[in-house]
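Notes for the structure review
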Amino acid sequence: MFQSCERVWINVNLATLDTAVEQPYGALHDQAIGVRGGRIVAIGPMVTLDRSCITGEVIDAAGNWMTPGLIDAHTHLVFAGNRAQEFEQRLSGVSYEEISRSGGGILSTVNATRKSGVEELVRLSEPRLMALMAEGVTSVEIKSGYGLNVKTELDMLRAARCMAERYPVRVSASLLGAHALPPEYRNDADGYIDLVCNEMIPAAVGEGLVDAVDVFCETIAFTPAQCERVFKVAQQYGLGIRGHVEQLSNQHGAALAARYDAWSADHLEWLDEAGVAALAEHGTVATLLPGAFYFLRETKLPPIDLLREYRVPMAVATDLNPGSSPLASLRLMMNMACVLFRLTPHEALAGVTRNAAQALGLGDDLGMLRVGMRADMLLWDIQHPAELACQYGVNSIKQRIFAGEEANV
Ligand code: DI6
Ligand code: FE
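The rules behind each value
Residues numbered from 1 in each chain as written. Chains lettered and ligands numbered in written order. Predicted model: local features only at pLDDT ≥ 70, side-chain atom pairs only at ≥ 80, totals over all residues. Heavy atoms only, no water. Donors = N, O, S within 2.8 Å, 3.2 Å for Na, K, Ca; no water. Tetrahedral: all angles 85-135°; square planar, octahedral: opposite > 155°, others 65-115°. Buried < 20%, exposed > 50% of the residue type's maximum accessible area, 1.4 Å probe, protein only. Helix = DSSP H or I, 4+ residues; strand = E, 2+ residues; numbered from the N terminus. Pairing = 2+ DSSP bridges. Domains from an automatic or database assignment. Buried area = accessible area lost by both parts, 1.4 Å probe. Salt bridge = Lys/Arg side-chain N within 4 Å of Asp/Glu carboxyl O. Polar contact = N/O pair within 3.5 Å; in protein donor to acceptor, adjacent residues only side chain to side chain. Nonpolar A, V, L, I, M, F, W, Y, C, P; charged D, E, K, R; others polar. Axes fitted to C-alpha atoms, helices over the stretch in contact; angles between N-to-C directions. Contact = heavy atoms within 4.5 Å.

1. Re the coordination of the iron ion (ligand 2)
Coordination of the iron ion (ligand 2) by the protein comes from His-74 (NE2), His-76 (NE2), His-244 (NE2) and Asp-319 (OD), over a distance range of 2.1 to 2.2 Å. Coordination at the iron ion (ligand 2) comes from four donor atoms whose angles at the metal span 83 to 170 degrees, giving a geometry best classed as irregular. Mapped onto the sequence, the donors of the iron ion (ligand 2) take the spacing H-x1-H-x167-H-x74-D. Comparing His-74 with His-76, the two get one shared label, buried.

Shown next as structure tokens:
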């Protein structure tokens, strides 16, 4: 198979994250890996490689490590304005919920975002996307949720699609219409959910702007019954389903999302054992967001041991947003997942590759170094894959490969 490759990396150690490779990190040492047409087409040990048969480009990786491209499976990176003054308020003792109930929080970002058109949203969001890409992100989920009306929700999704066209990165777009109750619908949450179900979702689907729906199931946002209405409509349109659940209290939103075969249930600090069992039963990924846990100074830990016991795949993501996680670094999240949540460095790396791909409904295509998968790959100047979760702040990427082509940023 190496004969027909457009490009072959030789002398490379692979952290494949392939479940079929029963080694920590799915590690394979002293390998060659070849790509053609944007996909991985050959993997094999150097000792059996006949170099003379390779006609494509050969890159000597000189014993460095290669991993799948990193996948950030939960971001709100399209927004306008900033909430640094709320950070000051919170540091003086005001809680996130109090700020939210007094009209700040998400609604303050909604005000700023509604004033911006698509081009302005792209301009404001590009540096955040660039920061993620520069440290190895090749796929990113981006949510709406700061428009809360049809026009601005769609503008946010258009901005996400626009960036996907401009840059070497895959974007999975989620409609988070049910993020907060907009002022126009005060005291009429059900009326607002009508708007989400009857207008926003159909319009977003009609324009091909959306891959999944998301909701915020919480006392300060929407009830399980309201979230379920959104899931039902999403299911009719064949969209993926995801949810912000059990972040600030236990509303049993994870079990609800799982009943709708959600791709992912996110946050989960207040998740109970029944919720864990529901995720396991339906193959729903648990997406952990240590940045929000850290930034809100949460003390309740997500039930990591139970998630392990029930073999629920765990993803790790940034939750990049202006209010609860203004932290544009997936590598930092890997470190926090280990230090704050006690994940192993292997679990953290699986959380930003294989399990993150599954959280986006793309597990058959992305997240592992395996023949047939898309060739989004990173070549790192590291001695061991544990370094990726251990060290933070040094850019150790030697080559960023997107769809089989070098695409450094
Ligand atoms: N939970 C979060 O952590 C983000 N959204 C959500 O539902 C925060 C969004 C924000 O504060 O702007
Ligand atoms: Fe979020």
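2. Here we look at the pairing of strand S7 (residues 137–143)
Among the seven residues of S7, seven are classified as buried, and the element is accordingly described as predominantly covered. Alignment of strand S6 (residues 70–72) against S7, held across three bridges, turns out to be parallel. When the sheet's bridge partners are listed, Ile-71 is paired in S7 with Ser-139.

3. Observations concerning the domain arrangement of the protein
For the protein, the domain assignment lists domain 1 (7–68 + 368–406) and domain 2 (70–359). The distance between the C-alpha centroids of domain 1 and domain 2 comes to 31 Å. Roughly 2,100 Å² is buried in total at the junction of domain 1 and domain 2, and carbon and sulfur atoms are behind 61% of that figure. On inspection of domain 1 and its partner domain 2, the count reaches one salt bridge. Run the count over domain 1 and domain 2 and you get 10 residue pairs in polar contact (both at pLDDT 80 or more). Residue assignment for the side of domain 1 that touches domain 2 shows that the elements contributing at least two residues are strand S5 (65–68), strand S14 (377–380), helix H15 (387–390) and strand S15 (397–402). When its residues are assigned to classes, the side of domain 1 that touches domain 2 shows 18 nonpolar, six polar and four charged.

4. A word on the sheet that holds strand S13 (residues 314–316)
In spatial order, the strands read S6-S7-S8-S9-S10-S11-S12-S13; together these eight strands make up an open sheet with parallel pairing. For this open sheet the edge positions go to S6 and S13, each flanked by a neighbour on one side alone. Taken over all neighbouring pairs, the strand axes of this sheet differ in orientation by 25 degrees on average, direction set aside. The pairing of S7 with strand S8 (residues 170–178) spans five bridges and is parallel. Residue pairing for S8: Glu-141 is matched across the bridge by Ser-172. Contacts from helix H5 (residues 150–166) reach S7 and S8 within the one sheet, and its direction differs from that of S8 by about 175 degrees.

5. Comments concerning unusual backbone geometry
Phi angles above zero are rare outside glycine, and Asn-11 is one such case at about 55 degrees. Tracing the chain through its elements places Asn-11 in strand S1 (residues 7–15). A relative accessible area of 28% means that Asn-11 is categorised as partly exposed. Its identity as a non-glycine residue notwithstanding, Arg-311 has a phi of 55 degrees, on the positive side. Locating Arg-311 in the fold gives a position in the loop between helix H11 (304–309) and S13. The class for Arg-311 is exposed, based on a relative accessible area of 74%.

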